[in-house]
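Each chain is listed here by its residues.
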Amino acid sequence: MSELSERQIKILNVIIRTYMETGEPVGSRTISKASDLNLSSATIRNEMSDLEEMGYIIQPHTSAGRIPSDKGYRFYVDRLMLEKDQEVSEMKDFVIEKTEKLEQVLQTIAKLLATNTNYATLVSAPQTHHGKVKFIQLSNVEKGKVLATIMLDGNIVKNRIIHCEEDLDQETMLKLNILLNSSLNGLAMEEINLMTIARLKEQAGIHSKVVSDVLDAVAEAVQADEELEIYTSGTTNIFKYPELSDSQSVSDLISAFEEKQELRDLFVGEDGEPGTGIQVYIGDESPIQRMRDCSVVTATYELGDGIHGTVGIVGPKRMDYKMVVDNLKTLKIQLDEIFNKKEE
């Protein structure tokens, strides 16, 4: 940022804000009318020439004004994020207590953000990344069937039916429950190694097949919890912007929104974990190639006990970044209202 003078920064900000509002190239005359700039058109043109040479703005057509480049947008966003960092940090402070209404809440959030921003929105359901086993309870259901109730981090409960070739009496069921909980409590799936499995089977004796089936059920429960559920809204909003309305852009964006595995790349990093705080992707910075003509802003939220989710907003590069960040900041308040949750 140090390569720009304060005057160049002011001119660049005017170009970006004006272009975000109008979608039209910005000329020196428009800039000269800015209330806080007392500069001649000749001075402005010289500064614009320097900004173009440094790659912050581009001239789309001969004799036209200038529009921001990706580098210009990145400069604007980085400065904005520094100013907004304290406000945005509140995004990670909220906790949803009534998880039984979570799906309706996430759908409401997606629609509300799409309406407020006039962009497309994506909201991922919270996940327990690398969830750990908190509790296992085996119960007889009927002859040949055992119900395995598995509680993971975040008090997420998964039920699995296990088919048994043997009948298990109450004393045997109690012993198996004690064995499983004493051996697996607090372990993530990747921590349940071959040595742990071998020891469990040895201690289970003639009931080793039941233990093996329970371990398979635990693995299935953890894997199911890691499947990403994404709620979208306002997809057609982004087609209102001329730069995104040509047939190829429309086709690419529709395909991107329909492919959940591709959307996952926005919400989960290379290490399999969600990002932190606010992330802004401009143009080719997007991990999704088919969104290269857009800007994407994502925010990670945390519900406690290692449960995370992500909210994403997709729009043109000239999106109103400040408004988008402000909407993400107020998400805590909106969730509190949806749940009728009283502040402590």
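Please read these numbers as outputs of a predicted model, since none were measured by experiment.

Enquirer: Talk me through the pattern of salt bridges; I want residue IDs and the actual numbers.
Expert: Taken as a whole, this structure holds nine salt bridges when the rule is applied. We note a salt bridge from glutamate 52 to arginine 66, for which the minimum N-O separation is 2.9 Å. Pair noted here: glutamate 52 is in helix α3 (residues 41–53) and arginine 66 is in the loop between β1 (57–58) and β2 (67–68), with a separation of 14 residues, a long-range link. We classify arginine 66 as buried; its relative accessible area is 16%.

Enquirer: Mind laying out the packing of helix α6 (residues 170–184) against helix α7 (residues 194–204), listing which residues take part and the relevant values?
Expert: Helix packing geometry: the angle between the two helix axes and the distance between the axes. It is at 11 Å that the axes of α6 and α7 come closest, and there the two elements cross at 160°. In terms of orientation, α6 lies roughly antiparallel with respect to α7. For the pair α6 and α7, the sense of crossing is right-handed. Residues Leu176, Leu179, Ser183 and Leu184 of α6 form the contact with α7, whose participating residues are Thr196, Leu200, Gln203 and Ala204. Class assignment for the residues of the contact of α6 with α7 results in five nonpolar, three polar and no charged.

Enquirer: How would you explain the packing of helix α1 (residues 6–22) against α3 if you had to name every residue and give the values?
Expert: Between α1 and α3, the shortest axis-to-axis distance is 10 Å and the interhelical angle comes to 85°. With respect to α3, the axis of α1 lies roughly perpendicular. Note on element contacts: α3 touches α1 through Thr43, Ile44, Glu47, Met48, Asp50 and Leu51, opposite Arg7, Gln8, Ile11, Leu12 and Ile15.

Enquirer: Give me the lowdown on the packing of aromatic side chains, citing residues and values where you can.
Expert: Evaluation of the coordinates by the stated rule reveals four aromatic pairs. Ring centres 5.8 Å apart and planes at 40° place the aromatic pair tyrosine 119 and tyrosine 241 in the tilted group. Note that tyrosine 119 is positioned in the loop between α5 (102–117) and β3 (120–124) and tyrosine 241 in the loop between β8 (230–233) and α9 (247–258), a separation of 122 residues in sequence. Across the pair, exposure class does not vary: tyrosine 119 and tyrosine 241 are buried alike. Members of the aromatic cluster, each reached through a chain of ring pairs, are Tyr73, Tyr76 and Tyr321. Its guanidinium or amino end placed over the ring of tyrosine 56, lysine 71 lies 4.5 Å from that ring's centre, counting from NZ or CZ. Taking the ring centre of tyrosine 19 as reference, the NZ or CZ of arginine 318 above it sits at 5.9 Å.

Enquirer: Before we move on, could you go through the nonpolar core and cite the residues and values that matter?
Expert: Formed by 47 residues in total, the largest nonpolar core has its most connected members in Ile11, Leu12, Ile31, Val297, Tyr321 and Leu328. Looking at this core, the elements with two or more residues in it are α1, α3, α4 (70–88), α5, β9 (278–282), β10 (294–304), β11 (307–316) and α11 (321–329). The element that contributes the greatest number of residues to this core is α1, accounting for eight residues. If you look at the next biggest cluster of nonpolar residues, it comprises 25 residues, including Val133, Leu152, Leu180 and Val210.

Enquirer: Please provide a residue-by-residue account of the side chain of serine 69, values included.
Expert: You can see serine 69 is positioned in the loop between β2 and α4. Judged by relative accessible area, serine 69 falls into the buried class, the value being 9%.

Enquirer: Break down the pairing of strand β6 (residues 145–152) for me, citing the residues and quoting the values.
Expert: Residues Val146, Ala148, Ile150 and Leu152 of β6 are buried on one face, while the alternating residues Lys145, Leu147, Thr149 and Met151, pointing to the opposite face, are not. In this structure, strand β5 (residues 133–142) lies alongside β6, joined through eight bridges in antiparallel fashion. Within the sheet, the bridge partner assigned to valine 133 lies in β6 and is leucine 152. The loop that links β5 with its antiparallel partner β6 comprises two residues; one of these, glycine 144, has a positive phi angle of about 85°.

Enquirer: Now, about the environment of phenylalanine 267: what can you tell me, with residues and values included?
Expert: With respect to the helices and strands, the residue phenylalanine 267 is situated in helix α10 (residues 260–267). Owing to a relative accessible area of 2%, phenylalanine 267 belongs among the buried residues under this scheme. Separated by 32 residues in the primary sequence, phenylalanine 267 and alanine 299 place their C-alpha atoms 8.9 Å from one another.

Enquirer: Any details on α9? Residues and values, ideally.
Expert: In this model, α9 (twelve residues) spans 17 Å end to end at C-alpha, consistent with the 16 Å of a helix rising 1.5 Å per residue. Buried within α9 we find Ser249, Asp252, Leu253, Ala256 and Phe257. Along the axis of α9, the buried positions cluster into a sector of 130°, meaning they face one direction only. Exposed residues pointing more than 90 degrees away from the buried face of α9 are listed as Ser247 and Glu258. By the N-cap criterion, in which a side-chain oxygen at the helix start approaches the backbone nitrogen of a residue two or three places on, α9 is capped by aspartate 246, the distance to glutamine 248 being 3.2 Å.

Enquirer: Can you break down the confidence of the model for the protein residue by residue, with the values?
Expert: A low pLDDT means the predicted coordinates there should not be read in detail. Averaged over every residue, the pLDDT of the protein is 78; residues scoring 70 or more account for 79%. Within the model, the stretch residues 86–100 combines pLDDT values under 50 with 29 contacts to residues more than four positions away or in other chains. Between residues 339–344, whose pLDDT stays under 50, and residues either more than four places distant or in other chains, the model counts nine contacts.

Enquirer: Quick one: what's the story with the pairing of β3, residue by residue and with numbers?
Expert: In terms of residue burial, β3 counts as a mostly covered element, since five of its five residues are buried. Because side chains alternate across β3, one face comprises the buried residues Ala120, Leu122 and Ser124, and the other comprises Thr121 and Val123, equally buried. Pairing between β3 and β8: four bridges, direction antiparallel. Its bridge partner being in β8, serine 124 is matched across the sheet by isoleucine 230.

Cut-offs used in this document
Residues numbered from 1 in each chain as written. Predicted model: local features only at pLDDT ≥ 70, side-chain atom pairs only at ≥ 80, totals over all residues. Heavy atoms only, no water. Salt bridge = Lys/Arg side-chain N within 4 Å of Asp/Glu carboxyl O. Helix = DSSP H or I, 4+ residues; strand = E, 2+ residues; numbered from the N terminus. Buried < 20%, exposed > 50% of the residue type's maximum accessible area, 1.4 Å probe, protein only. Axes fitted to C-alpha atoms, helices over the stretch in contact; angles between N-to-C directions. Parallel < 35°, antiparallel > 145°, perpendicular 65-115°, else oblique. Left-handed = near helix turned anticlockwise from the far one by under 90°. Contact = heavy atoms within 4.5 Å. Nonpolar A, V, L, I, M, F, W, Y, C, P; charged D, E, K, R; others polar. Phe/Tyr/Trp six-rings, centres within 6.5 Å; stacked < 30°, edge-to-face > 60°. Lys NZ or Arg CZ within 6 Å of the ring centre and 35° of its normal. Core = buried A, V, L, I, M, F, W, Y, C linked by side-chain atoms within 4.5 Å. Pairing = 2+ DSSP bridges. Expected span 1.5 Å × (residues − 1). Arc of directions from axis to C-beta. Polar contact = N/O pair within 3.5 Å; in protein donor to acceptor, adjacent residues only side chain to side chain. pLDDT = per-residue confidence, 0-100.

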